[in-house]
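Coordinates in review
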Amino acid sequence: MGKITNIGILTSGGDSPGMNAAIRAVVRAGIYHGFKVFGIRHGYNGMIYNQIKELKSHDVANTIQRGGTFLKTARSKEFMTPEGMEIAYNNLKLNKIDALVIIGGDGSFRGALEFSNKYDIPCIGIPGTIDNDIFGTDDTIGYDTAINTVIEAVDKIRDTASSHERLFFIEVMGRDAGFIALRAGIACGAEAILIPEVETPIETLKEHLENGFKRKKSSNIILVAEGEKAGGAFEIAKAVEKDFKDYSVRVTVLGHIQRGGSPSAYDRFLASRLGVAAVEALMEDQRSIMVGTQNQQVVYVPFSKSVKAHKPIDPKLLELIEILNV
Ligand code: F6P
């Protein structure tokens with residue numbers, strides 16, 4: 001591999017709080033180690049449409065606390081075609097960019113894996129998604145902030161739920177994974193969670209609610225991950241409502257509020273740490289890996305592994321919800 005002098009950085013897929021902190025860390029670590037760093041706008045599309053500009057240290061000043069991504073993001077279909085990749089590669093060469101750092105989720109890493117297999121451009125991934133569904137890293141940037149947003153909202157809903165003695169189904173994000181529902185569910189004292197990874201027959205849920213009613217619980221909060229197989233919070237609420245006619249049922253969908261806001265201290269810390277690690281990985285001649293953390297330590301995980309395996313849900317955490325609702 002040739003010597004790296006110029007690093008390109010982009011954010012791709014759904015945005016997450018802390019992406020700006022990660023960009024800042026890559027820019028500053030790059031400059032610190034003697035590289036030039038170039039911001040690529042609108043994800044992989046920016047490589048195709050040549051939206052590439054050098055970033056200096058002052059360009060990332062005052063960004064660590066901001067949600068979203070100032071480089072903008074996209075899910076690029078064009079990049080996933082051979083023609084798109086070739087145009088992207090030619091534009092990188094035009095700008096003399098010889099390495100890439102990609103902040104995003106597993107879809108973005110799949111693109112990076114294919115690109116680095118095809119072209120002589122080392123690619124380093126930084127996990128950024130609120131879903132925390134990337135195999136090989138304990139946490140992804142944005143997950144902690146999203147959970148804090150969820151519990152803040154659920155705490156408010158709990159006030160009105162218990163005043164009216166209502167049952168609430170609250171839908172949280174997580175198209176393919178239930179990590180938001182799981183950790184937020186534990187943190188807000190949810191009575192149950194419904195997630196894509198575990199099938200919960202509607203009868204089991206009803207039994208569970210029945211027990212709660214017998215114990216005269218004044219409110220019930222069920223967190224439903226949007227990818228839950230029974231069809232989302234509204235469908236489940238309808239099915240439950242039929243059998244609990246005396247009970248007042250409401251549904252709230254938290255939606256994109258979970259993706260915004262100023263990143264938590266933990267997400268800023270994680271983003272800063274992984275941004276620096278990404279530059280160091282390039283200096284160590286890594287070329288197709290994600291930087292992540294396992295047991296509080298920075299690790300390198302090959303893209304081939306992180307995009308293929310499914311991150312498992314810890315069954316002990318599921319049990320916690322049950323134990324805490326005795
Ligand atoms: O991948 C992050 C995520 O927020 C998912 O939890 C959610 O299903 C999806 O993005 C929503 O995507 P969009 O913003 O395109 O509607």
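Residues numbered from 1 in each chain as written. Predicted model: local features only at pLDDT ≥ 70, side-chain atom pairs only at ≥ 80, totals over all residues. Heavy atoms only, no water.

1. Side note on the layout of surface pockets
Estimated volume of the largest pocket: approximately 600 Å³. In terms of residue count, the dominant contributor to the lining of the largest pocket is helix α4 (residues 106-118) (four residues). Residue assignment places the lining of the largest pocket across two domains, with domain 1 (6-142 + 263-306) and domain 2 (143-259) each supplying three or more. Every element with two or more residues in the lining of the second largest pocket is listed here: β7 (192-194), α7 (202-214) and α11 (315-323). (1 Å grid on protein atoms, 1.4 Å probe; cavity = no way out; pocket = protein on both sides within 12 Å on 5 of 7 lines; lining within 4 Å. Points joined across faces, edges and corners; volume = space filled by probe spheres on them. Helix = DSSP H or I, 4+ residues; strand = E, 2+ residues; numbered from the N terminus. Domains from an automatic or database assignment.)

2. A short note on the domain arrangement of the protein chain
Segmentation of the protein chain into domains returns domain 1 (6-142 + 263-306) and domain 2 (143-259). Once you take the C-alpha centre of each, domain 1 and domain 2 turn out to be 34 Å apart. Taken together, the 18 residues of domain 1 in the interface contact 14 residues of domain 2. At the boundary of domain 1 with domain 2, total buried surface from both sides reaches about 1,200 Å², with 48% on carbon and sulfur atoms. It is Ile 130, Asp 131 and Asn 132 in domain 1 that bury the most area against domain 2; as a group they hold 40% of the surface buried on that side. Inspection of the region where domain 1 meets domain 2 yields two salt bridges. Its salt-bridge partner being Arg 259, residue Asp 15 comes within 2.7 Å of it at the nearest N-O pair. (Contact = heavy atoms within 4.5 Å. Buried area = accessible area lost by both parts, 1.4 Å probe. Salt bridge = Lys/Arg side-chain N within 4 Å of Asp/Glu carboxyl O.)

3. Some remarks on the packing of aromatic side chains
In total, this model carries eight aromatic pairs according to the counting rule given. With centroids separated by 5.1 Å and ring planes inclined at 75°, the aromatic side chains of Phe 213 and Phe 244 adopt a geometry described as edge-to-face. Of this pair, Phe 213 sits in helix α7 while Phe 244 sits in the loop between α8 (232-243) and β9 (248-253), placing them 31 residues apart in sequence. Cluster of aromatic residues (ring-pair linked, three or more members): Tyr 44, Phe 79, Tyr 89, Phe 115 and Tyr 119. Of note, Lys 311 hangs over the ring of Phe 179, and the distance from its end group to the ring centre comes to 5.3 Å. (Phe/Tyr/Trp six-rings, centres within 6.5 Å; stacked < 30°, edge-to-face > 60°. Lys NZ or Arg CZ within 6 Å of the ring centre and 35° of its normal.)

4. Observations concerning a nonpolar patch on the surface
Residues Leu 317, Leu 320, Ile 323 and Leu 324 make up a contiguous nonpolar surface patch of about 330 Å² in total accessible area. Along the chain, the position of Leu 320 falls in helix α11. (Patch = residues over 30% accessible without salt bridge, like charges linked within 9 Å, V, L, I, M, F, W, Y side chains within 5 Å. Areas by Shrake-Rupley, 256 points an atom, 1.4 Å probe, with all protein chains shown as cover.)

5. What about the pairing of strand β6 (residues 166-172)?
With seven of seven residues buried, β6 is to be regarded as a mostly interior element. Neither face of β6 is exposed, since Arg 166, Phe 168, Ile 170 and Val 172 on one face and Leu 167, Phe 169 and Glu 171 on the opposite face are all buried. Note that β6 and β9 share six bridges and pair parallel. In the strand pairing of β9, Phe 169 is matched with Val 251. Two elements, β6 and strand β8 (residues 220-225), share six bridges in a ladder whose sense is parallel. Across the sheet, the residue bridging to Ile 170 is Leu 223, located in β8. (Buried < 20%, exposed > 50% of the residue type's maximum accessible area, 1.4 Å probe, protein only. Pairing = 2+ DSSP bridges.)

6. Here we look at α8
Every α-helix winds through 3.6 residues per turn, so residues three or four apart in the chain are directed the same way. Within α8 the residues assigned to the buried category are Gly 232, Ala 233, Ile 236, Ala 237 and Val 240. Seen along its axis, α8 keeps its buried residues to an arc of 150°; they face one direction. Residues of α8 that are exposed and angled more than 90 degrees away from the buried face: Phe 234, Lys 238 and Lys 242. Structurally, α8 contributes buried residues whose contacts are with β6, β7, α7, β8 and β9. (Arc of directions from axis to C-beta.)

7. Quick word on empty space enclosed by the protein
For the coordinates displayed, the defined rule picks out one cavity of 30 Å³ or more. Here the largest cavity is characterised by a volume of approximately 40 Å³. Forming the walls of the largest cavity are Glu 191, His 208, Gly 212, Arg 215, Lys 217, Asn 220 and Asn 325. Taken together, the residues of the lining of the largest cavity sort by class into no nonpolar, four polar and three charged. (Nonpolar A, V, L, I, M, F, W, Y, C, P; charged D, E, K, R; others polar.)

8. Thoughts on α4
End to end, α4 covers 18 Å across 13 residues, agreeing with the expected 18 Å (1.5 Å per residue, within 8%). Within α4, burial applies to Ser 108, Phe 109, Gly 111, Ala 112, Leu 113, Phe 115 and Ser 116. Those residues of α4 that are buried are in contact with α2 (45-48), α3 (82-94), β4 (99-104), β5 (123-127), β10 (288-294) and α10 (303-308). (Expected span 1.5 Å × (residues − 1).)

9. Regarding the sheet that holds strand β2 (residues 36-40)
Spatially, seven strands are ordered β3-β2-β1-β4-β5-β10-β11 in an open sheet, and the strand pairing comes out mixed. Whereas interior strands pair on both sides, the edge strands pair on one side only; in this sheet they are β3 (52-55) and β11 (297-302). For this sheet, the mean inter-axis angle between neighbouring strands, taken without regard to orientation, is 30°. Pairing of β5 with β10 involves three bridges; the strand directions are parallel. By the bridge assignment, Ile 124 is partnered in β10 with Ile 289. Where helix α1 (residues 19-32) meets the sheet, it contacts β1 (6-11), β2, β3, β4 and β5, and its direction lies at approximately 160° from that of β4. (Axes fitted to C-alpha atoms, helices over the stretch in contact; angles between N-to-C directions.)

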